[in-house]
Amino acid sequence: MARPDHTRALHAALLTAARGLPVIPLSRTKLPAVRSPHRDEPRSAAMCRGECGRPGHGVHDATTDPARIRALFAVAPWATGYGVACGRGPHHLIGLDLDVKHGADGIGALRALAETHRFAVPGTVTVLTPSGGRHLWLSAPGPVPNSAGRLAPGIDIRGEGGYVVGPGSRTVAGRYLLAPGAAGHPLAAAPAALLRLAAPPPSPYDRQPKHAAGPRHPAEKRAAALVRFVLDSHEGERNGRLFWAACRAYDAGLGDALAPALVTAAVHTGLSEREAAATVASAGRLRAAPHR
């Protein structure tokens, strides 16, 4: 007989997946509930991201398919919550994790950022956390990297490769609930100014020494630095770094010319050509849109 918390989490996960957001079951500790099939295998097997066809690969298992979601919950009857994968197309979900503990006030910090950088925080899906904080769900035109406290103390970003705990989940800390009135909100687009703040810090290759003659950043050197930044990507950051590099290229007026080289570099890191081209195109659309 299913436990009530397990049943509630499964039902809530199915509702979230129906909105086009992929989900996975979570344990009470907020970790993926399905155990890795490679836990007793050689360390090299830990590189598997689901290619083996078995469940137990964390956020890589996330899906919107109701049958697969039910199957994942069935093999983890101890699951009491679910995670919502961030960074996946078409929504490229961003979870703004606003903490109000340990002296931090993420809610106030976001309000201050919005005022300083002149953007409005849109009404969107909002989840109340057991500690008194909240998660704001926003969509983006492309992947955004994870970060912790970089925007401001108390503000963490759950982006590509990460996940947020979904409403209806129960953890050791308590329940995650939709904020009053938030159920009717659609998933709002992240303000462009917030996306610029969330971009990765400049690449060390992008910091060129100042020369006595000529521009500080010749177009050729800047282009090479951006390509190298993409080539240096590792698992979990490839799309985010590619999106950032493409944005910088479009800002510098190099976007259309450099796009093929950025796509090629991203393919060398393991992305598919289709995914890389879509990410670069998303950056171009963002830079072409008026600031909001």
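Residues numbered from 1 in each chain as written. Predicted model: local features only at pLDDT ≥ 70, side-chain atom pairs only at ≥ 80, totals over all residues. Heavy atoms only, no water.

Caption draft 1: Geometry of the packing of aromatic side chains. A complete count under the given rule lists one aromatic pair for this structure. Over the aromatic face of tryptophan 78 sits the side chain of arginine 35, whose NZ or CZ is 4.4 Å from the ring centroid. Taking NZ or CZ as reference, arginine 241 lies 3.8 Å from the ring centre of phenylalanine 229, over its face. (Phe/Tyr/Trp six-rings, centres within 6.5 Å; stacked < 30°, edge-to-face > 60°. Lys NZ or Arg CZ within 6 Å of the ring centre and 35° of its normal.)

Caption draft 2: Structural context of the packing of helix 5 (residues 219-231) against helix 7 (residues 255-269). Put simply, helix 5 and helix 7 touch, their axes get as near as 8 Å, and they point 25° apart. Here helix 5 lies roughly parallel to helix 7, going by the angle between them. Relative to helix 7, helix 5 is oriented so that their crossing is right-handed. Across the interface between the two elements, Ala223, Leu226, Val227, Val230 and Leu231 from helix 5 touch Leu258, Ala261, Leu262, Ala265, Ala266, His268 and Thr269 from helix 7. (Axes fitted to C-alpha atoms, helices over the stretch in contact; angles between N-to-C directions. Helix = DSSP H or I, 4+ residues; strand = E, 2+ residues; numbered from the N terminus. Parallel < 35°, antiparallel > 145°, perpendicular 65-115°, else oblique. Left-handed = near helix turned anticlockwise from the far one by under 90°. Contact = heavy atoms within 4.5 Å.)

Caption draft 3: How the structure looks around helix 7. Look at helix 7: 20 Å from first C-alpha to last across 15 residues, which is about the 21 Å you get at 1.5 Å a residue. By the burial criterion, the buried members of helix 7 are Gly255, Leu258, Ala259, Leu262, Val263, Ala265, Ala266 and Thr269. Just downstream of helix 7 lies glycine 270, where phi reads positive at about 120°. (Expected span 1.5 Å × (residues − 1). Buried < 20%, exposed > 50% of the residue type's maximum accessible area, 1.4 Å probe, protein only.)

Caption draft 4: Local environment of the pairing of strand 6 (residues 147-152). In the sheet, strand 6 pairs with strand 7 (residues 155-158) via three bridges, with the strands oriented antiparallel. Note that in strand 7 the partner of alanine 152 across the bridge is isoleucine 155. Hairpin connection, strand 6 to strand 7: the antiparallel pair is bridged by two residues, and glycine 154 has positive phi, about 95°. (Pairing = 2+ DSSP bridges.)

Caption draft 5: Molecular detail of the sheet that holds strand 2 (residues 81-85). Judged by pairing direction, the sheet is antiparallel, and its three strands sit side by side in the order 1-2-8 without closing on themselves. Each edge of the sheet is formed by a strand with only one pairing partner; in this case those strands are strand 1 (23-26) and strand 8 (163-165). Strand-to-strand twist across the sheet, computed as the mean angle between neighbouring axes with direction ignored, equals 35°. Here strand 2 pairs with strand 8 via three bridges, running antiparallel. When the bridges of strand 8 are listed, valine 84 appears paired with valine 164.

Caption draft 6: Local environment of helix 3 (residues 106-117). With twelve residues, helix 3 extends 16 Å from end C-alpha to end C-alpha; this agrees with the ideal 16 Å at 1.5 Å per step. For helix 3, the secondary structure elements touched by its buried residues are strand 3 (94-98), strand 5 (134-139), strand 6, strand 7 and helix 4 (192-198). The first or second residue beyond helix 3 is arginine 118, which carries a positive phi of 60°.

Caption draft 7: Just the environment of glycine 103, in detail. Structurally, the position occupied by glycine 103 is in the loop between strand 3 and helix 3. Its relative accessible area of 83% is what places glycine 103 among the exposed residues. Residues glycine 103 and proline 153, spaced 50 residues apart in sequence, show a C-alpha to C-alpha distance of 9.1 Å.

Caption draft 8: Structural context of the side chain of histidine 92. Examined against the element boundaries, histidine 92 turns out to sit in the loop between strand 2 and strand 3. For histidine 92, the residues in contact, after removing those within four places along its chain, are Gly87, Leu138, Ser139, Ala140, Pro141, Gly142 and Pro143.

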